[in-house]
2 protein chains.
Amino acid sequence: MAQRIGQRTLRFDRPPGLLGYAAVVGKKESHGPLHGTFDVVGPDSHFGQKSWELAESQMQKTALQTALQKAGYTLADLQMILAGDLLNQCIGSAFASVQSNVPYLGLYGACSTMAEGLVTGACMVDGGCADLLAAAASSHFCSAERQYRFPLAYGGQRPPTAQWTATAAGAVILGQTKSPLHITHAVIGQMVDMGVKDANNMGAAMAPAAYHTLSMLLDDLHAHPADFDCIVTGDLADVGASLLVRLFEQDGVDITPVYSDCGSMLYGDDQDTHAGGSGCGCSAAVLCGKLLRDMQDGTIHRLIFAGTGALMSPTSIQQGQSIAGICHAVVIERRD
Amino acid sequence: MAQRIGQRTLRFDRPPGLLGYAAVVGKKESHGPLHGTFDVVGPDSHFGQKSWELAESQMQKTALQTALQKAGYTLADLQMILAGDLLNQCIGSAFASVQSNVPYLGLYGACSTMAEGLVTGACMVDGGCADLLAAAASSHFCSAERQYRFPLAYGGQRPPTAQWTATAAGAVILGQTKSPLHITHAVIGQMVDMGVKDANNMGAAMAPAAYHTLSMLLDDLHAHPADFDCIVTGDLADVGASLLVRLFEQDGVDITPVYSDCGSMLYGDDQDTHAGGSGCGCSAAVLCGKLLRDMQDGTIHRLIFAGTGALMSPTSIQQGQSIAGICHAVVIERRD
């Protein structure tokens, strides 16, 4: 049973274990600062498929299979897959698992989807609804670019606040089996709309939601940022991350000693991604690559993973609607 | 705690109560056979909004508020909203709850979304993750038609197997409080892909998934169709419903005495909807209108509500991919 503590935080009586995890990325992502932390790097943008959409599915499928393999399980052991992506009607995730014969819950949380899957999955495992499940998310620069913005061949110019959709996928296997890494707490975020209407500045649209969820979690736990080895958002990128730091500063709280953002971590300054990375796959691959490896080897003991999403569509932007942000968070701890 | 029984069925130790429910529909839907079973009927297709997309959000918002009111609660009492729709990036649901200040989990299950919300919500309530939550879904003929098919003004012709996207929304309030109506069991469905590629014949694409989930549920419960007052799918419509009946016939099982489909129920034969209704709002509004009213007044005591979805997008169809079906089911019982 989960216990509700404080305003919004769920504490799990039987903290679900992270039994396996894997990150799959494209070439560009593998050439960034996190080089060497990914399980699989695609040879090109097609991952052996005939379309970028199928390439995205292939990445997510590979992440799921690799995570399962690392955990010592097969698809037949899984009781549930929770997955989502940015493609219309979430076809990236559907086609990744269509042949799996595993019960499937489709999620949509924009770039917060990996965190949404972990939160929901942890609730399912803790509540006895599954002994073993997978949470997965993906994005692909090429499939996202042509759906949200312009045909790639057009070579559209991007402002400095814009983020670069990562070609990446991540998957985590959660279960009731004991494991050094486990999810102790979760917060399901609410939408926060501060009136941002610039689809090229998602960081600004999402930062207030990240602040809302993280400050509530810290309050509920009576904790300070320094109680964690790492607080990571995904993906505010450089612009949104600076805003989040300033929002906490207004409360007299300095998060900078432990704070990072997956969108800022994934690419180097010389990789021309402007404000940094985004896309469901960005935070998924940084979590399932660098961060969980750091937890596994004991570099990080206590992590807040806060996935952030911008809830909009090309249609809502064209109709003049503002962009609401949302942020779901999990606390992951290492038990030695 | 939920118990897993048989292959896939979850049995809830503390069956979540259905504390309130509401259905909102457009004019066409209100003129069909289910006339008089809906809580709110829109005056026109705009529901007071300037776009059809916002009209859809307004419908879902109204359904949510009406369901809350009927349950004797307000938004401030809700600990979670689980919602989804057919619009790209699920903006119908996002804009319905953006100002709610309630933790929000976005779902995507195509037309199975209402069932997905009930299954996931029941797991959350049973597992102690929420005392009170809402599950909601919506669709709008005009917003769906221009996104999936043609501009309305084009007047595209539709084959006899095509379904008509309902302008409708439904919301259910689930909670730990005792209630005459409650969810006793749930099955999370897997995707089933039988190779159907005709986007104008979703019923055929979804029927095998409905058969898969329903036969597993009946097996797991050691039950026969006659053990239920009503088994309802949503939305296979006429073509898919006939296929489902035939799939069960091959097992020597006759479901016809208790079987209905929300897509077949919503519109009359004279309403020119071809095979019948579809869209997340169709099964949501039929459940939250006719079916739960029938349970409330004791006409139905034991119901299987099996939401069916077709996991595809215009892009996946154009790329020649087949359409996978999925079906999530809940058992709703009335305790006198």
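Up top is the structure.
Since the structure is predicted, the reported quantities are computational estimates derived from the model, not experimental observations.

### Describing the pairing of strand 7 (residues 132–139) of chain B
All names here are of chain B.
Then step 1. In terms of residue burial, strand 7 counts as a mostly covered element, since eight of its eight residues are buried.
Then step 2. In terms of strand pairing, strand 5 (residues 81–85) meets strand 7 through five bridges, oriented parallel. Looking at strand 7, one finds that L82 is bridged to A135.
Then step 3. Bridge count for strand 7 against strand 9 (residues 168–175) is eight bridges, and the pairing is antiparallel. In the strand pairing of strand 9, A135 is matched with V172.

### Looking at the packing of helix 4 (residues 113–126) of chain A against helix 9 (residues 280–296) of chain A
Residue and element names in this part refer to chain A.
Then step 1. Contact pair helix 4 / helix 9: the axes reach a minimum separation of 7 Å and the direction vectors enclose 60°. Here helix 4 lies oblique to helix 9, going by the angle between them. Here T113, M114 and L118 of helix 4 come into contact with helix 9, specifically with C280, S283, A284, L287 and C288.
Then step 2. Its residues assigned to classes, the contact of helix 4 with helix 9 comprises six nonpolar, two polar and no charged.

### A look at the relation of the copies chain B and chain A
Then step 1. When chain B is fitted to chain A, the best match, at an RMSD of 0.0 Å, comes from turning it 180° and sliding it 0.0 Å along the axis. Those values place the two copies in the arrangement expected of a two-fold rotation axis.
Then step 2. Here 100% of the contact residues of chain B are again contact residues in chain A; the copies associate through an equivalent surface.

### Re the interface of chain B and chain A
Then step 1. Opposite the 61 residues of chain B that make contact, chain A presents 61 residues.
Then step 2. Summed over both sides, the interface of chain B with chain A buries roughly 4,900 Å², with 61% coming from carbon and sulfur.
Then step 3. Where chain B meets chain A, there are zero salt bridges.
Then step 4. For the pair chain B and chain A, the interface holds 24 residue pairs in polar contact (both at pLDDT 80 or more).
Then step 5. Of all elements in the fold, only strand 1 (2–5), helix 2 (52–71), helix 3 (91–97), strand 6 (104–106), helix 4 (113–126), helix 5 (141–148), helix 10 (314–318) and strand 15 (324–334) of chain B reach the threshold of two or more residues within the side of chain B that touches chain A.
Then step 6. Sort the elements by how many residues they give to the side of chain B that touches chain A and helix 4 of chain B lands first, with five residues.

What counts and what doesn't
- Residues numbered from 1 in each chain as written.
- Chains lettered and ligands numbered in written order.
- Predicted model: local features only at pLDDT ≥ 70, side-chain atom pairs only at ≥ 80, totals over all residues.
- Heavy atoms only, no water.
- Buried < 20%, exposed > 50% of the residue type's maximum accessible area, 1.4 Å probe, protein only.
- Helix = DSSP H or I, 4+ residues; strand = E, 2+ residues; numbered from the N terminus.
- Pairing = 2+ DSSP bridges.
- Axes fitted to C-alpha atoms, helices over the stretch in contact; angles between N-to-C directions.
- Parallel < 35°, antiparallel > 145°, perpendicular 65-115°, else oblique.
- Contact = heavy atoms within 4.5 Å.
- Nonpolar A, V, L, I, M, F, W, Y, C, P; charged D, E, K, R; others polar.
- Least-squares fit on C-alpha atoms with pLDDT ≥ 70 in both.
- Buried area = accessible area lost by both parts, 1.4 Å probe.
- Salt bridge = Lys/Arg side-chain N within 4 Å of Asp/Glu carboxyl O.
- Polar contact = N/O pair within 3.5 Å; in protein donor to acceptor, adjacent residues only side chain to side chain.

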